[in-house]
Amino acid sequence: MSAVTPEIQRISGMRRFKDKGVQALVYLAFVIAVIPLVSVLWLVIANGIARLDLEFLTHSMRNIGARDAGGGAYHAIIGTLEQVALASVISVPIGLFTAIYLVEYGTNGRLKRSISFFVDIMTGVPSVVAGLFVLAFWILILGMPFSGWAGAMALAILMLPTVVRAAEEMLLLVPNDLREASYALGVSKWRTIVKVVLPTAFTGIVTGVMLAVARVAGETAPLLLTVFFTDSINNDPFNGPQMGLPLYVFDQAARPNDTAIDRAWAAALTLIIIIMLLNLAARLITYWRSPARKR
Amino acid sequence: MAKQIEVTDVDAYYGSHKAIEGINMTIDARAVTAFIGPSGCGKSTFLRTLNRMHEVIPGARVEGKIRMEDQDLYGSDVDPVSVRRTIGMVFQRPNPFPTMSIYDNVAAGLRLNHRYSKSQLDTIVEDSLKGANLWNEVKDRLTKPGSGLSGGQQQRLCIARAIAVQPQVLLMDEPCSALDPISTLAIEDLISKLKQEFTIVIVTHNMQQAARVSDKTAFFNLAAQGQPGKLIEMDDTTKIFTSPTQKATEDYITGRFG
């Protein structure tokens, strides 16, 4: 035994120190990241809770004078829900099919690469540009009126790349083994995608869509240019100007009276609550659909 | 329903790389044929050409002729999907569908192709699970997810899934390499039972396994790394393991290389 046998040693003080130091840094980074989140939530809740009452949720701003208290955001809530729902109806199928093409069919062809490239470009389109596009094309050139539908189209442009990317990532995560297992049973490619690949990726796709919805629900600029503005309830998204919650916040916050400022806070809180409820719904759907709980 | 397969001059490529070259063989009906050989010699690739799974990989293609009885599997008007329906496959790693229950996993191949009544499905699922020696273990939890089973049970579930569509040939790509000896034994017993109904081809790295379960054995080898794999010798299993005609086969079997 002439060779030097390694001895079992204690952890050196230096390594212990480094370990603790890095751990402290990680906690610090976490706290720094959480501070703005908590403070925003706190501010919105503290200022918004005062006016978040039944009247606010069930009344519009019709016949509310500039200095009057009261009034509500019912028309804006309806507008936001309809516009976001329509935007999802447009962008989710297109986005999902695009992702399916990119992952399952486009085998490194030129089409796949150019689609991928344009999706990346779309990700970088500023929201106001999407609004300007719909304004210029749909409203000015085609002569269509301002409407919730026009707003939904602008929002759909913003949602589309997020949906494509999220769905693409999720489809890529589905192990190839499963596709091969399905092919080996004599199942065609399309049925494999519909019955095996999509259900496996379902949870992730729903999460991705919810992120996209949350992103566009707070957009103001494109709505300003497309749904225009109104103080009245308009339930028909295809006809006439509508309102949206972000627009409502924008409008009320710009007014000089405290009553309007309070309404703006309450509307901001409402928007946050709506997005939280939508997220909760998505969580519940994925929870019920998860295989571990089946029947 | 088992059928014999006739292979003539088959080459398989991945892009420009030739993975196997000049394979000729006859795979007997109602018998077990084992493929042995060192890693990378093209056994699995060749196995996958038999049910047209090779071409699923982008850039992969096959040349040569493979006939099942009187049908050319690579004929220009042959639907690869129907080839795979006739020639089933079990993979190295158990791969039950994670979103489906045990019952749905077995019924998957049937449901995804045709409409069956509930009672028809029930019968086929029960028969297939019995055929795969799994029925007694899972009959009380058919609605639970298949991913909750042990590795050996999952592999038998995959075999049940493969035989549920009533193929004529069953290809197995190292079906026991991820399993413990007890599960391996269960699957080997199963193979001996299945050969009464199916033509079975099995790729294995385990020579005892080849000797135990197979009737015919084919030895594959490659001249050097990067060269295409070739069929060196194929004969009755007892002959291959006792008096092979090729030196390379003997070296491999006795453990002198590979």
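Keep in mind that what you see is a predicted model, and the values were worked out from it rather than measured.

(A) Molecular detail of the overall build of chain B. When you go through chain B residue by residue, the secondary structure sums to 10 helices and 10 strands. Relative to a compact globule of 258 residues, whose C-alpha radius of gyration would be 18 Å, chain B shows 18 Å and is just as compact. Dimensions along the principal axes, computed over C-alpha positions, put chain B at roughly 55 × 45 × 30 Å. Looking at the 258 residues of chain B, the share that counts as buried comes to 54%. Considering only intrachain contacts with a sequence separation of at least 6, the fraction spanning at least 24 residues in chain B is 67%.

(B) Structural detail: the overall build of chain A. A tally of helices and strands in chain A yields 11 helices and 0 strands. Secondary structure elements of chain A, listed N to C terminal, follow the sequence α-α-α-α-α-α-α-α-α-α-α. Computed over the C-alpha atoms, the radius of gyration of chain A is 25 Å, more than 25% above the 19 Å expected from 2.2 N^0.38 for a compact globule of 295 residues. Overall, the C-alpha framework of chain A stretches about 95 × 60 × 40 Å when taken along its three principal axes.

(C) Representation of the domain arrangement of chain A. Residue and element names in this part refer to chain A. According to the domain assignment, chain A contains domain 1 (1–48) and domain 2 (54–294). Distance from the C-alpha centre of domain 1 to the C-alpha centre of domain 2: 37 Å. Between domain 1 and domain 2, the contact holds 6 residues from the first and 5 residues from the second. For the pairing of domain 1 and domain 2, the buried interface totals around 540 Å² over both sides, and the portion due to carbon and sulfur atoms is 84%.

(D) Local environment of the interface of chain A and chain B. Counting residues at the interface gives 20 residues for chain A and 29 residues for chain B. Taken together, the two surfaces of chain A and chain B that pack against each other cover about 2200 Å², and 63% of this comes from carbon and sulfur. At the junction of chain A with chain B, the criterion picks out 2 salt bridges. Between the two partners, chain A and chain B, sit 4 residue pairs in polar contact (both at pLDDT 80 or more). Of all the elements in the fold, those that place two or more residues in the side of chain A that touches chain B are α7 (176–184) and α8 (189–217) of chain A. Its residues placed into classes, the side of chain A that touches chain B shows 10 nonpolar, 4 polar and 6 charged.

(E) Here's a closer look at helix α6 (residues 148–173) of chain A. Under the 1.5 Å per step criterion, the end-to-end length of α6(A) is 36 Å for 26 residues, consistent within 8% with the ideal 38 Å. Bending of α6(A) peaks at approximately 35° at the position of Met159(A), with proline Pro161(A) no more than four residues after it.

(F) Representation of a nonpolar patch on the surface. Residues and elements named next belong to chain A. Taken together, Leu 37, Val 38, Leu 41, Trp 42, Leu 43, Ile 45 and Ile 49 make up a surface patch of nonpolar side chains, about 700 Å² in accessible area. Tracing the chain through its elements places Leu 41 in helix α1 (residues 13–48). Judged by its relative accessible area of 34%, Leu 41 falls in the partly exposed class.

(G) Structural context of the nonpolar core. Grouped together as the largest cluster of nonpolar side chains are 82 residues, with contacts concentrated most on Ile5(B), Val7(B), Met25(B), Phe35(B), Phe46(B) and Leu50(B). Here the element with the most residues in this core is α8(A); it accounts for 11 residues. For Phe35(B), the contacting residues outside a window of four places in its chain are Met25(B), Ile27(B), Lys43(B), Phe46(B), Leu47(B), Val201(B), Ile202(B), Val203(B), Thr204(B), Ala218(B) and Phe220(B). In this structure, Leu110(B), Ala132(B), Leu134(B) and Met207(B) belong to the second largest nonpolar core, which totals 44 residues.

(H) Spatial organisation of the confidence of the model for chain A. Residues of chain A with pLDDT of at least 70 account for 97%, and the chain-wide mean is 90. Per-element averaging of pLDDT across chain A places helix α2 (residues 54–58) of chain A at the bottom with 89 and helix α3 (residues 74–105) of chain A at the top with 95.

(I) The pairing of strand β9 (residues 216–222) of chain B, seen in detail. Residues and elements named next belong to chain B. In terms of residue burial, β9 counts as a mostly covered element, since 6 of its 7 residues are buried. Relative to β9, strand β3 (residues 32–36) runs parallel, the two being bridged by 4 bridges. Paired with Ile 36 across the bridge in β9 is Phe 219. Two successive antiparallel strands, β9 and strand β10 (residues 229–236), enclose a turn made up of 6 residues, where Gly 226 displays a positive phi of approximately 90°.

(J) Inspection of the packing of helix α4 (residues 110–123) of chain A against α6(A) at higher detail. Residues and elements named next belong to chain A. Closest axis-to-axis distance for the α4/α6 pair is 8 Å, and the angle between their directions is 130°. Compared by their axis directions, α4 and α6 come out oblique. Handedness of the crossing formed by α4 with α6: left-handed. For the pair formed by α4 and α6, the contact residues are Ser 116, Val 119, Asp 120, Met 122 and Thr 123 on the first element and Ile 157, Leu 160, Pro 161, Val 164 and Arg 165 on the second. Across the contact of α4 with α6, the residue classes break down as 6 nonpolar, 2 polar and 2 charged.

About the thresholds
Position numbers for residues count from 1 along each chain, tracking the sequence in the order it is written. Think of it this way: whatever chain is written first is A, whatever ligand is written first is 1, and the rest follow in order. Where totals are concerned, whole chains, interfaces and linings use all residues; where local detail is concerned, this predicted model gives features only for residues with pLDDT of at least 70, and gives and counts side-chain atom pairs only at 80 or more. With hydrogens and water set aside, each side-chain value is computed from the structure's full complement of heavy atoms. Where helices and strands are cited, they refer to DSSP runs of H or I of at least four residues and of E of at least two residues respectively, numbered from the N terminus. The size measure is the radius of gyration over C-alpha atoms, and the globule rule it meets is 2.2 Å times the number of residues to the 0.38 power. Burial classes: relative accessible area under 20% of the type maximum marks a residue as buried, over 50% as exposed, and values in between as partly exposed (1.4 Å probe, protein chains only). It only takes one pair of heavy atoms within 4.5 Å for two residues to be counted as in contact. What fixes the domain bounds is an automatic or database domain assignment. For any pair of parts, buried area is found by adding up, for both, the accessible area (1.4 Å probe) each one loses once the two are put together. We define a salt bridge as a contact between a side-chain nitrogen of Lys or Arg and a carboxyl oxygen of Asp or Glu at a distance within 4 Å. Each polar contact in these results corresponds to two N or O atoms within 3.5 Å; when the atoms are within protein, one needs to be able to donate a hydrogen and the other to accept it, and residues that are neighboring in sequence are counted only if both atoms are side-chain atoms. When residue character is reported, Ala, Val, Leu, Ile, Met, Phe, Trp, Tyr, Cys and Pro are called nonpolar, Asp, Glu, Lys and Arg charged, and the others, Gly included, polar. A helix is expected to reach a length of 1.5 Å times the quantity of its residues less one. Bending is quantified residue by residue as the angle between axes fitted to the seven-residue window ending at that residue and the seven-residue window starting at it. Distance thresholds for patches are 9 Å for like charges and 5 Å for nonpolar side chains (Val, Leu, Ile, Met, Phe, Trp, Tyr), applied to residues having over 30% relative accessible area and no salt bridge. The protein chains shown are the only cover counted for residues, whose accessible areas, like all others here, come from Shrake-Rupley with a 1.4 Å probe. To form a nonpolar core, buried Ala, Val, Leu, Ile, Met, Phe, Trp, Tyr and Cys residues must be joined to one another through side-chain atoms within 4.5 Å. Looking at any residue, its pLDDT shows the predictor's confidence there, from 0 to 100. One requirement defines pairing of two strands: DSSP has to find at least two bridges between them. A fitted line through C-alpha atoms serves as each axis, taken over the contacting stretch for helices, and the angle formed by two N-to-C directions is quoted from 0 to 180°. Comment on the angle field: the value is read as roughly parallel under 35 degrees, roughly antiparallel over 145, roughly perpendicular from 65 to 115, and oblique elsewhere. With the far helix as reference, a near helix turned anticlockwise by less than a right angle produces a left-handed crossing, and one turned clockwise produces a right-handed crossing.

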